[in-house]
Amino acid sequence: MNYCSHCGSSVRLAVPEGDNRPRHICDNCHTIHYLNPKVVAGCLPVYGDKVLLCRRAIEPRKGLWTLPAGFMENGESTEQGALRETREEALAEVELISLYTVTSILHVNQVQMLYLARMPQPDFGAGEETLEAALFSETEIPWDELAFETISNALRFYFEDRKQDQFPLRHVEIGANR
Ligand SMILES: [Zn+2]
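Residues numbered from 1 in each chain as written. Predicted model: local features only at pLDDT ≥ 70, side-chain atom pairs only at ≥ 80, totals over all residues. Heavy atoms only, no water.

## Here's the deal with the packing of aromatic side chains
Okay, so step 1: Under the definition given, this model contains 4 aromatic pairs.
Okay, so step 2: Ring centres 6.1 Å apart and planes at 70 degrees place the aromatic pair Tyr-100 and Phe-167 in the edge-to-face group. Here Phe-167 lies in the loop between helix H2 (149-162) and strand E11 (170-174) and Tyr-100 lies in strand E8 (residues 95-105), a separation of 67 residues in the sequence.
Okay, so step 3: Its relative accessible area of 22% is what places Phe-167 among the partly exposed residues.
Okay, so step 4: Ring pairing ties together the aromatic residues Tyr-100, Tyr-158, Phe-159 and Phe-167, which thus form one cluster. (Phe/Tyr/Trp six-rings, centres within 6.5 Å; stacked < 30°, edge-to-face > 60°. Helix = DSSP H or I, 4+ residues; strand = E, 2+ residues; numbered from the N terminus. Buried < 20%, exposed > 50% of the residue type's maximum accessible area, 1.4 Å probe, protein only.)

Right, dumping it as structure tokens:
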């Protein structure tokens with residue numbers, strides 16, 4: 001950050017009084033700009049013994065497979081965000097079952113929350129950010145063509161947990177802490 005988003009003056013990086021880490025401070029309007037992690041919400045949609053994956057039409061990781069997920073919008077809940085992303089990327093209406101994975105992705109300052117979801121019907125398609133969407137059984141998952149570590153983790157957890165038919169919430173931390 002170089003300029004204050006409130007008044008347009010230059011900002012400087014310094015530790016505010018009573019704080020313990022550097023922030024972007026505007027000396028003109030006295031705003032302290034805090035940068036905090038963003039939340040990504042999404043779904044692991046299940047139909048029968050298959051899961052729904054989307055092949056990305058956009059960078060990063062264009063052409064690789066992912067679960068429908070994306071940055072939350074202001075004014076929506078994590079549940080609403082997960083449903084919206086699934087609708088936008090996979091053209092699918094799903095029913096959320098439970099929160100399934102919470103991943104702190106330290107190197108990109110993101111928290112990803114994926115919900116286990118049921119597809120009432122095998123209705124889906126490719127949204128604007130998707131080249132194609134498809135259902136995969138465990139043996140069909142393209143493990144070498146998955147877009148993100150968070151996605152392969154969630155899929156590994158799912159097929160593991162499915163044996164017991166128990167899907168406890170999984171907490172994961174990836175990436176180096178700076
Ligand atoms: Zn300012």
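## Here we look at helix H1 (residues 78-90)
Okay, so step 1: In this model, H1 (13 residues) spans 18 Å end to end at C-alpha, consistent with the 18 Å of a helix rising 1.5 Å per residue.
Okay, so step 2: By the burial criterion, the buried members of H1 are Thr-78, Gly-81, Ala-82, Arg-84, Glu-85, Thr-86, Glu-89 and Ala-90.
Okay, so step 3: Where H1 terminates, the next one or two residues include Leu-91, which has phi positive at roughly 50 degrees. (Expected span 1.5 Å × (residues − 1).)

## Remarks on the coordination of the zinc ion
Okay, so step 1: The coordination sphere of the zinc ion contains the protein donors Cys-4 (SG), Cys-7 (SG), Cys-26 (SG) and Cys-29 (SG), at a distance range of 2.3 Å.
Okay, so step 2: For the zinc ion, the 4 donor atoms in the first shell make angles of 99 to 117 degrees at the metal, so the coordination geometry reads as tetrahedral.
Okay, so step 3: When the donors of the zinc ion are listed by position in the chain, the intervening gaps give C-x2-C-x18-C-x2-C.
Okay, so step 4: Residue Cys-4 is classed as buried on the basis of its relative accessible area, which comes to 4%.
Okay, so step 5: In this structure Cys-7 comes out as partly exposed when scored by relative accessible area, which is 33%. (Donors = N, O, S within 2.8 Å, 3.2 Å for Na, K, Ca; no water. Tetrahedral: all angles 85-135°; square planar, octahedral: opposite > 155°, others 65-115°.)

## Some remarks on the pattern of salt bridges
Okay, so step 1: A complete count under the given rule lists 12 salt bridges for this structure.
Okay, so step 2: Close ionic contact of Glu-140 with Lys-50 constitutes a salt bridge, the shortest N to O distance being 4.0 Å. Residue Glu-140 is found in the loop between strand E10 (130-136) and H2, and its partner Lys-50 is found in strand E5 (residues 50-56); the two are separated by 90 residues along the sequence.
Okay, so step 3: Judged by relative accessible area, which is 40%, Glu-140 ranks as partly exposed.
Okay, so step 4: For Lys-50, a relative accessible area of 28% corresponds to the partly exposed category.
Okay, so step 5: Here Glu-138 makes a salt bridge to Arg-162, at a shortest N to O gap of 3.7 Å. With Glu-138 in the loop between E10 and H2 and Arg-162 in helix H2, this residue pair connects regions lying 24 residues apart in the sequence.
Okay, so step 6: Classification of Glu-138 as partly exposed rests on a relative accessible area of 34%.
Okay, so step 7: A relative accessible area of 26% means that Arg-162 is categorised as partly exposed.
Okay, so step 8: Ionic contacts of the salt-bridge type, sharing partners, join the residues Glu-76, Arg-84, Glu-85 and Glu-88 into one network. (Salt bridge = Lys/Arg side-chain N within 4 Å of Asp/Glu carboxyl O.)

## Side note on the domain arrangement of the protein chain
Okay, so step 1: Domain assignment breaks the protein chain into domain 1 (1-35) and domain 2 (38-174).
Okay, so step 2: Measuring from the centre of the C-alpha atoms in domain 1 to the corresponding centre in domain 2 gives 36 Å. (Domains from an automatic or database assignment.)

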